[in-house]
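# Topology and contacts: notes
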Amino acid sequence: MGEFLDTKGLACPLPVLKTRGALRNMPSGEILTVEATDPASVIDFTHFCNTTGHEMVEHMEVDGVFTYVIRRGG
């Protein structure tokens, strides 16, 4: 199941910064699900995963809420 982080209502760069902090305290391979409402978060989370070694397992948007499922890298 993993961990859950609610960053709805926060603007860039806070969702990614909070995600980075949450992942730092998780074991490698663990899943973190993040919800955000900032439309720029799509670009931010994609870049974050591409540059940090974490895996974007899934992302979707429903009614203005963006959900990111991220697997912590090694």
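Heads up: the structure comes first, above all this text.
Quick look at the structure, then. (Residues numbered from 1 in each chain as written. Predicted model: local features only at pLDDT ≥ 70, side-chain atom pairs only at ≥ 80, totals over all residues. Heavy atoms only, no water.)

## Considerations on the side chain of Arg72
With respect to the element layout, Arg72 can be found in the segment after β4 (65-71). Only 2.6 Å separates the side chain of Arg72 from the backbone oxygen of Leu23, close enough to count as a polar contact. A polar atom in the side chain of Arg72 sits 2.8 Å from the backbone oxygen of Met26. Not counting residues within four places of it along the chain, the set of residues in contact with Arg72 comprises Leu23, Arg24, Met26, Pro27, Ser28, Gly29, Glu30 and His54. (Helix = DSSP H or I, 4+ residues; strand = E, 2+ residues; numbered from the N terminus. Polar contact = N/O pair within 3.5 Å; in protein donor to acceptor, adjacent residues only side chain to side chain. Contact = heavy atoms within 4.5 Å.)

## Brief notes about the nonpolar core
One finds Leu23, Leu32, Val34, Phe45, Phe48, Tyr68 and Ile70 to be the most contacted residues of the largest nonpolar core, which totals 13 residues. Among the elements of the structure, α1 (14-24), β2 (31-36), α2 (41-52) and β4 are those that each provide at least two residues to this core. If we skip the residues at most four places from it in the chain, Phe48 touches Val16, Thr19, Arg20, Leu23 and His54. (Core = buried A, V, L, I, M, F, W, Y, C linked by side-chain atoms within 4.5 Å. Buried < 20%, exposed > 50% of the residue type's maximum accessible area, 1.4 Å probe, protein only.)

## Overview of the pairing of β2
The element β2 is extensively covered by neighbouring structure, given that five of its six residues are classed as buried. Pairing of strand β1 (residues 3-6) with β2, which is carried by four bridges, proceeds in the parallel orientation. Its bridge partner being in β2, Asp6 is matched across the sheet by Glu35. Once you follow β1 into α1 and on to β2, the crossover reads as right-handed. Examined bridge by bridge, β2 and β4 share six bridges and lie antiparallel to one another. By the bridge assignment for β4, Thr33 is matched with Val69. (Pairing = 2+ DSSP bridges. Right-handed = clockwise from strand over helix to strand, strands pointing away.)

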